Amino acid sequence: MEAVQREHGAYKVQVCVEGYSFSLIVKENKLPDKLKQVQQQVEELSRSTKHILARKTRLQEMICSMLQSQTQLEERIKTANPEYLDQVRLEGNLRENIQKITLAKELSEQYDEAARSVLREMAQLAGLVLEAAPEIGTE
């Protein structure tokens, strides 16, 4: 934001925050292309931030459900496939899938924190103070 204000000091550039949406407001009619591009990037960042925060609950529920059912899935593999090679292959597939689910959980937590950080920073630029970005309901 400081770079935008330095580069386009002749324009009154403000961050506007409404709920979970934020935008870059400029009170001029004719803007340089670069400033218009920055406005579009801020709008896209706002949309992306809202999407990440909105989907967190549903994703976490799905991940937790899968991780909690890991033991049951292992038992189903053992009882459903008496063939040793099939059982070994399915157990390997399950281990690989659980590792991917665990990675998805870690990454989703990182994305969520990054989105909350962006929201806090934009609120601060708009003159607001958010201790923590509140939860958004699932979509």
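Structure's up top.
Residues numbered from 1 in each chain as written. Predicted model: local features only at pLDDT ≥ 70, side-chain atom pairs only at ≥ 80, totals over all residues. Heavy atoms only, no water.

Caption draft 1: Summary view of the pattern of salt bridges. Evaluated as defined, the whole model comprises 6 salt bridges. Salt-bridge contacts for Asp-112 lead to Arg-116; the nearest nitrogen and oxygen are separated by 3.0 Å. Residue Asp-112 and its partner Arg-116 are located together in helix H4 (residues 84–125), separated by 4 residues, close to a single helical turn. Owing to a relative accessible area of 6%, Asp-112 belongs among the buried residues under this scheme. Residue Arg-120 pairs with Glu-113 through a salt bridge whose shortest N-O separation is 2.9 Å. Since its relative accessible area comes to 42%, Glu-113 is described here as partly exposed. (Salt bridge = Lys/Arg side-chain N within 4 Å of Asp/Glu carboxyl O. Helix = DSSP H or I, 4+ residues; strand = E, 2+ residues; numbered from the N terminus. Buried < 20%, exposed > 50% of the residue type's maximum accessible area, 1.4 Å probe, protein only.)

Caption draft 2: Local environment of the packing of helix H2 (residues 33–68) against H4. The interhelical angle for the contact between H2 and H4, taken along N-to-C directions, is 145°, at an axis separation of 8 Å. Where H2 crosses over H4, the two elements pack in a sense that is left-handed. (Axes fitted to C-alpha atoms, helices over the stretch in contact; angles between N-to-C directions. Left-handed = near helix turned anticlockwise from the far one by under 90°.)

Caption draft 3: Spatial organisation of a nonpolar patch on the surface. A grouping of Ile-52, Leu-103, Leu-107 and Tyr-111 is seen on the molecular surface, where their side chains present a nonpolar patch of about 350 Å² in accessible area. Here the nonpolar patch gets 3 residues from one element, more than from any other, and that element is H4. Mapping Leu-103 onto the fold places it in helix H4. (Patch = residues over 30% accessible without salt bridge, like charges linked within 9 Å, V, L, I, M, F, W, Y side chains within 5 Å. Areas by Shrake-Rupley, 256 points an atom, 1.4 Å probe, with all protein chains shown as cover.)

Caption draft 4: Layout of the nonpolar core. Judged by nonpolar contacts, the single largest core of 15 residues is most densely connected at Val-13, Phe-22, Leu-24, Leu-35 and Val-42. Elements supplying a minimum of two residues to this core: strand E1 (13–18), strand E2 (21–26), H2 and H4. With near-sequence residues (within four places) excluded, Phe-22 lies in contact with Cys-16, Val-17, Val-42, Leu-45, Ser-46, Thr-49, Val-118, Leu-119 and Met-122. Judged by nonpolar contacts, the second largest core, of 5 residues, contains Ile-63, Ile-77, Leu-94 and Ile-98. (Core = buried A, V, L, I, M, F, W, Y, C linked by side-chain atoms within 4.5 Å. Contact = heavy atoms within 4.5 Å.)

Caption draft 5: Spatial organisation of the environment of Gln-70. Summarising the element assignment, Gln-70 is placed in helix H3 (residues 70–80). Residue Gln-70 is classed as partly exposed on the basis of its relative accessible area, which comes to 25%. With near-sequence residues (within four places) excluded, Gln-70 lies in contact with Leu-94 and Ile-98.

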